[in-house]
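The chain contents come next:
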Amino acid sequence: MRRSEMEQDILKVLVTEEDLRSRVAELGEALYERLEGKDPLFLGVLKGCFMFMADLVRACQLECEVEFMSLSSYRSSTVSSGKVEITQNLTKDIANRHIVIVEDILDSGTTLAFLKQYLEKKGAASITIVTLLDKPSRRTKAVTADLSGFQVPDEFVVGYGLDYAQRYRNIPYIGVLKPEVYAG
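Every value quoted in this text rests on a predicted model; they were computed, and no experiment measured them. (Residues numbered from 1 in each chain as written. Predicted model: local features only at pLDDT ≥ 70, side-chain atom pairs only at ≥ 80, totals over all residues. Heavy atoms only, no water.)

S.K.: Would you explain the sheet that holds strand S8 (residues 157–158) in this entry?
M.R.: Backbone-to-backbone hydrogen bonds join strands into a sheet, with any given pair of strands oriented parallel or antiparallel. Taken together, the 3 strands give an open sheet; going across it, the order is S1-S9-S8, and neighbouring strands pair in antiparallel fashion. Unpaired on one side and paired on the other, strand S1 (10–15) and S8 mark the two borders of the sheet. Sheet analysis places S8 next to strand S9 (residues 174–177), joined by 2 bridges and oriented antiparallel. Bridge pairing in S9 links valine 158 to glycine 175. (Pairing = 2+ DSSP bridges. Helix = DSSP H or I, 4+ residues; strand = E, 2+ residues; numbered from the N terminus.)

S.K.: Which parts of the structure should I look at to understand the sheet that holds strand S3 (residues 65–72)?
M.R.: Strand order in the open sheet formed by 6 strands is S4-S3-S2-S5-S6-S7, with mixed pairing between adjacent strands. What marks the edges here is a single partner per strand, and that holds for strand S4 (85–88) and strand S7 (147–151). Pairwise comparison of adjacent strand axes, ignoring direction, gives a mean angle of 25 degrees for this sheet. Examined bridge by bridge, strand S2 (residues 41–46) and strand S5 (residues 98–106) share 4 bridges and lie parallel to one another. Of the residues in S5, the one forming a bridge with leucine 41 is isoleucine 99. Running over the sheet, helix H1 (residues 17–35) touches S2, S5, strand S6 (126–134) and S7 and is turned about 160 degrees from S7. Running at roughly 170 degrees to S5, helix H3 (residues 110–121) makes contact with S2, S3, S4, S5 and S6 of the sheet. (Axes fitted to C-alpha atoms, helices over the stretch in contact; angles between N-to-C directions. Contact = heavy atoms within 4.5 Å.)

S.K.: Explanation requested: the nonpolar core in the structure shown.
M.R.: In a soluble, globular protein the nonpolar side chains are often hidden away together inside. Among the nonpolar cores identified, the biggest contains 27 residues, and Leu31, Phe42, Phe52, Leu56, Leu132, Leu133 and Ile174 are the most heavily contacted of them. When residues of this core are traced back to their parent elements, those giving at least two are H1, helix H2 (50–60), S5, S6, S7 and S9. The element best represented in this core is H1, accounting for 5 residues. If sequence neighbours within four positions are ignored, phenylalanine 42 has contacts with Leu31, Met53, Leu56, Val57, Cys60, Leu62, Cys64, Glu65, Val66, Glu67, Val100 and Val102. Counting residues in each nonpolar core, the second largest holds 19 residues, with Ile94, Leu106, Ile127 and Ile129 among its members. (Core = buried A, V, L, I, M, F, W, Y, C linked by side-chain atoms within 4.5 Å. Buried < 20%, exposed > 50% of the residue type's maximum accessible area, 1.4 Å probe, protein only.)

S.K.: Got a minute to help me understand unusual backbone geometry in this structure?
M.R.: Trans peptide bonds make up most of the peptide bonds, and negative phi angles are found at most residues other than glycine. Looking along the chain, the bond that leaves leucine 46 and enters lysine 47 is cis, with omega of 5 degrees. Along the chain, lysine 47 turns up in the loop between S2 and H2. At aspartate 39, a residue that is not glycine, the phi angle is positive and equals roughly 45 degrees. Checked against the element boundaries, aspartate 39 lands in the loop between H1 and S2. The partly exposed category is assigned to aspartate 39, whose relative accessible area is 37%. With phi around 55 degrees, glutamine 61 is a residue other than glycine that occupies positive phi space. Mapped onto the elements of the fold, glutamine 61 is located in the loop between H2 and S3. Given the relative accessible area of 61%, glutamine 61 is considered exposed.

S.K.: Explanation requested: the side chain of glutamate 67 in the structure shown.
M.R.: Examined against the element boundaries, glutamate 67 turns out to sit in strand S3. No salt bridge is formed by the buried glutamate 67; the nearest opposite charge belongs to lysine 92, separated by 5.4 Å. Within the structure, glutamate 67 has its side chain in polar contact with the backbone nitrogen of lysine 92 (distance 3.0 Å). When neighbours within four sequence positions are excluded, glutamate 67 is seen to be in contact with Leu41, Phe42, Leu43, Gly44, Met53, Leu90, Thr91 and Lys92. (Lys, Arg positive; Asp, Glu negative; His and termini not counted. Salt bridge = Lys/Arg side-chain N within 4 Å of Asp/Glu carboxyl O. Polar contact = N/O pair within 3.5 Å; in protein donor to acceptor, adjacent residues only side chain to side chain.)

Listed below in structure tokens is the structure:
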């Protein structure tokens, strides 16, 4: 397989393609056990979740629906602004639905805390938070994932849907971006 030019910007690989496949399969099984017969609505937080969510929905084999929202607290920065804005809202009524929030990374918790409260106000029957990556060292809000793929250190990660300035999403593993790429 030909190496990507993007890979020159990767300091190190944190999670391999094989580890991603294996862990997503485990998360899918856990969701199946938790939500069998409940017709859940998988709610992806765009854009970073798209690869993870596609693989997760296939792995869990539940009868379900899929919906997306787009929220922003980062814009093109590497640090959350602390203010969440909805840039693409729900198109479905979620009252009395079992919601599975699918997120690429739980970092400060600002976005997920906002989204969880928003969905509760909309009348969700239950909310399950599934995140591919968990970075607890950056948490500023009291929010935790019900299911988490991998805990990662406080480094800037990209790949498998995660980006820096809309780039690097299509790297098939999780890697640490070299600081000189985003510094300054």
